Amino acid sequence: MCDRAADLLLDWYDRHARDLPWRARPGAPLPDPYHVWLSEVMLQQTTVAAVIPYFEKFTTRWPDVAALAAAPEDEVMAAWAGLGYYSRARNLVKAAREVSRAGGFPTTEAELLKLPGLGDYTAAAVAAIAFERRALVVDANVERVIARLFAIEEPLPGGKKAIRAALDTITPERRAGDFAQAMMDLGSSLCRAREAQCLLCPWQAICAGREAGDPTRLPVKAPKKAKPTRTGTAFWVERDEAVWLVKRPGKGMLGGMRALPDDGWSARGDGSGVAPVAGAWRAGGMVRHSFTHFHLELGLAVHADTDPAPDGEGEWWPLDRLDDAGLPTLFAKAAALALAER
DNA sequence: CAACCGTGGTA
DNA sequence: TTACCAAGGTT
């Protein structure tokens with residue numbers, strides 16, 4: 001099927017490509033590698049709709065990789081707050097500094113793969129989209145589209161090897177970036193997880209999954225484990241129109257992010273309930289929040305007028321600037337609850 | 001290699 | 001309401 005499949009897809013892409021902020025305009029030269037890299041990292045396990053405002057914020061504030069390399073890590077972390085998977089933000093700064101020091105982005109997949117935060121997918125995507133290198137760009141969209149096009153029955157993640165091999169047979173030498181993005185556009189617009197609009201698909205005549213009937217059955221996936229529910233407590237410690245915020249350890253859950261003090265809850269176990277400072281605490285309600293691998297019921301304990309500051313590192317953060325603290329969503333929810341009941 | 005790591009939209 | 005899902009990477 002070689003070139004036939006690529007031709008059909010690229011013709012479709014010429015008519016239906018999405019207009020996204022990090023894409024070059026049609027007919028324009030290649031997109032800015034900085035924009036391609038930044039968008040691809042933001043898009044890891046994250047929807048286009050969620051990424052767009054962050055991409056605009058980042059490129060306005062840090063217009064090129066040198067500007068991002070010069071930014072304090074704390075400011076980048078705070079700007080990333082709400083987008084999730086915070087190790088991406090830490091690696092983003094590291095990679096920006098390496099690239100800036102080297103005088104620009106590497107242009108091959110193998111060199112890109114050495115940068116922190118770039119795995120198989122992202123290195124291939126940047127090589128293809130920013131530098132027109134032929135690469136096997138395999139994300140969840142591509143896995144789904146290829147599993148259906150070739151009717152690959154082997155369940156994921158075991159079937160990844162077969163998917164790469166099948167993709168290799170239809171990946172052209174030309175238009176590497178367009179081909180990669182066309183695959184992802186097809187997956188996100190027509191060949192979707194729960195629904196496939198086969199009548200609009202450029203591959204309707206050559207798709208083995210459609211031929212076999214019920215293409216949405218593919219790809220087959222291994223069953224997922226149940227999520228445990230954990231409980232914990234966060235502490236709202238307030239004094240003089242300011243709240244006590246801590247910085248979480250660099251690794252682990254919400255690593256490196258500003259946060260309310262808590263009682264040590266984690267994916268592994270419940271919190272101790274022990275407050276960071278003695279005094280008269282009152283219950284301030286509860287926040288339910290789901291992470292990738294567990295649910296959390298986070299009780300909020302409120303201390304309205306603390307005299308000594310709690311033990312350990314932290315800072316009094318003015319309530320009127322709380323939006324700038326860069327709190328992850330869990331703690332932003334807890335803070336909103338505390339402020340609403342004040 | 002399987003566990004770990006966020007969040008918001010959707011059915 | 002719950003579970004699944006999304007342009008995955010690191011350990």
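Residues numbered from 1 in each chain as written. Chains lettered and ligands numbered in written order. Predicted model: local features only at pLDDT ≥ 70, side-chain atom pairs only at ≥ 80, totals over all residues. Heavy atoms only, no water.

*Asks:* Explanation requested: the overall build of chain A in the structure shown.
*Replies:* Helix and strand content of chain A: 13 helices and 6 strands. Taken along the three principal axes of its C-alpha coordinates, chain A extends 75 × 45 × 30 Å. Looking at chain A residue by residue over its 342 residues, the buried ones come to 46%. A separation of at least 24 residues holds for 69% of the contacts in chain A among residues at least 6 apart in sequence. Counting every atom, chain A has about 16800 Å² of accessible surface; 52% of that belongs to carbon and sulfur. Taken together, the 42 basic and 44 acidic charged side chains of chain A have centroids lying 4 Å from each other. (Helix = DSSP H or I, 4+ residues; strand = E, 2+ residues; numbered from the N terminus. Buried < 20%, exposed > 50% of the residue type's maximum accessible area, 1.4 Å probe, protein only. Contact = heavy atoms within 4.5 Å. Areas by Shrake-Rupley, 256 points an atom, 1.4 Å probe, with all protein chains shown as cover. Lys, Arg positive; Asp, Glu negative; His and termini not counted. Charge placed at Lys NZ, Arg CZ, Asp CG, Glu CD.)

*Asks:* Explain the protein's contact with DNA strand C here, please?
*Replies:* Neighbouring DNA strand C are 25 residues; Leu43, Thr122, Asp139, Asn141 and Arg144 lie closest to it. Atoms of DNA strand C within 4 Å of the protein: sugar and phosphate make up 64%, bases the balance. Between a phosphate oxygen of DNA strand C and a main-chain N or O atom of Gln45, the distance comes to 2.9 Å. Asp139 places a polar side-chain atom, nitrogen or oxygen, 2.7 Å from a sugar or linking oxygen of DNA strand C. When contributions to the surface near DNA strand C are tallied by element, the ones reaching two or more residues are helix 8 (120–131), helix 9 (140–149) and helix 11 (176–189). (Near = heavy atom within 4 Å. Polar contact = N/O pair within 3.5 Å; in protein donor to acceptor, adjacent residues only side chain to side chain.)

*Asks:* I'm lost on the protein's contact with DNA strand B in this one. Help?
*Replies:* Inspection of the region around DNA strand B gives 22 residues, with Tyr86, Lys225, Leu254, Thr292 and His293 positioned closest. For DNA strand B, the fraction of atoms within 4 Å of the protein that belong to sugar or phosphate moieties is 63%. Residue Thr292 places a side-chain N or O atom 2.3 Å away from a base nitrogen belonging to DNA strand B. One nitrogen or oxygen atom from the side chain of His293 is found 2.4 Å from a phosphate oxygen belonging to DNA strand B.

*Asks:* Help me out: how do you make sense of helix 8 in this one?
*Replies:* Compared with an ideal rise of 1.5 Å per residue, which puts 12 residues at 16 Å, helix 8 spans 16 Å between its outermost C-alpha atoms and is within 8% of the ideal. Every buried residue of helix 8 is listed here: Tyr121, Thr122, Ala123, Ala124, Ala125, Val126, Ala127, Ala128, Ile129 and Ala130. Buried residues belonging to helix 8 abut helix 2 (33–42), helix 7 (109–112) and helix 11. Positive phi appears at Glu132, one or two residues downstream of helix 8, with a value of about 55°. (Expected span 1.5 Å × (residues − 1).)

*Asks:* Looking at this model, I keep getting lost on the packing of aromatic side chains. Mind explaining?
*Replies:* The geometry of an aromatic ring pair is captured by the separation of the ring centres together with the interplanar angle, meaning the angle of the planes. A complete count under the given rule lists 10 aromatic pairs for this structure. Seen in terms of ring centroids, Phe235 and Trp281 are 5.1 Å apart; in terms of plane orientation they differ by 70°. Their pairing is edge-to-face. Here Phe235 is found in strand 1 (residues 229–239), whereas its partner Trp281 is found in the loop between strand 3 (258–259) and strand 4 (282–290), with 46 residues between them in sequence. With relative accessibility at 2%, the residue Phe235 sits in the buried group. We note Arg321 situated over the ring of Trp317; from NZ or CZ to the ring centre the distance is 4.9 Å. (Phe/Tyr/Trp six-rings, centres within 6.5 Å; stacked < 30°, edge-to-face > 60°. Lys NZ or Arg CZ within 6 Å of the ring centre and 35° of its normal.)

*Asks:* Hey, could you run me through the nonpolar core in this one?
*Replies:* The nonpolar side chains of a soluble globular protein tend to be buried, and buried together. One finds Trp37, Trp203 and Trp236 to be the most contacted residues of the largest nonpolar core, which totals 108 residues. Beyond its immediate sequence surroundings of up to four residues, Trp236 is in contact with Val243, Leu260, Trp281, Leu300, Ala301, Val302, His303, Leu319, Leu322, Ala335, Ala338 and Leu339. (Core = buried A, V, L, I, M, F, W, Y, C linked by side-chain atoms within 4.5 Å.)

*Asks:* What is the right way to look at the packing of helix 2 against helix 8 in this model?
*Replies:* The angle between the axes and the distance between the axes are what describe a pair of packed helices. The geometry of helix 2 relative to helix 8 is characterised by a closest axis approach of 9 Å and an angle of 150° between their N-to-C directions. Overall, the two elements helix 2 and helix 8 adopt an arrangement that is roughly antiparallel. Between helix 2 and helix 8 lies a crossing whose hand is right-handed. Residue-level inspection shows Pro33, Val36, Trp37, Glu40 and Val41 of helix 2 in contact with helix 8, the latter providing Tyr121, Thr122, Ala125, Val126, Ile129, Ala130 and Phe131. Residue classes in the contact of helix 2 with helix 8 are distributed as 10 nonpolar, 1 polar and 1 charged. (Axes fitted to C-alpha atoms, helices over the stretch in contact; angles between N-to-C directions. Parallel < 35°, antiparallel > 145°, perpendicular 65-115°, else oblique. Left-handed = near helix turned anticlockwise from the far one by under 90°. Nonpolar A, V, L, I, M, F, W, Y, C, P; charged D, E, K, R; others polar.)

*Asks:* When you look at the side chain of Glu143 in this model, what are you seeing that I'm missing?
*Replies:* For Glu143, the position within the fold is in helix 9. Its relative accessible area of 11% is what places Glu143 among the buried residues.

*Asks:* I keep staring at the environment of Glu98 and nothing clicks. Help me out?
*Replies:* With respect to the helices and strands, Glu98 occurs in helix 6 (residues 87–102). Among residues more than four places away in sequence, those in contact with Glu98 are Leu115 and Pro116.

*Asks:* Help me understand the environment of Trp236, please; the structure alone is not making it clear to me.
*Replies:* Locating Trp236 in the fold gives a position in strand 1. Sequence-wise, Trp236 and Ala128 are 108 residues apart; in three dimensions their C-alpha atoms are separated by 48 Å.

*Asks:* Sorry, what's going on with the packing of helix 5 (residues 73–80) against helix 6 here?
*Replies:* In the contact formed by helix 5 and helix 6, the axes pass within 9 Å of each other and the chain directions differ by 135°. Relative to helix 6, helix 5 is oriented oblique. Considering only the axes of helix 5 and helix 6, their crossing is right-handed. Taken together, the residues of helix 6 that come into contact with helix 5 (itself represented by Glu73, Val76, Met77 and Trp80) are Arg88, Ala89, Arg90, Leu92, Val93 and Arg97. In the contact of helix 5 with helix 6, the residues fall into 6 nonpolar, no polar and 4 charged.

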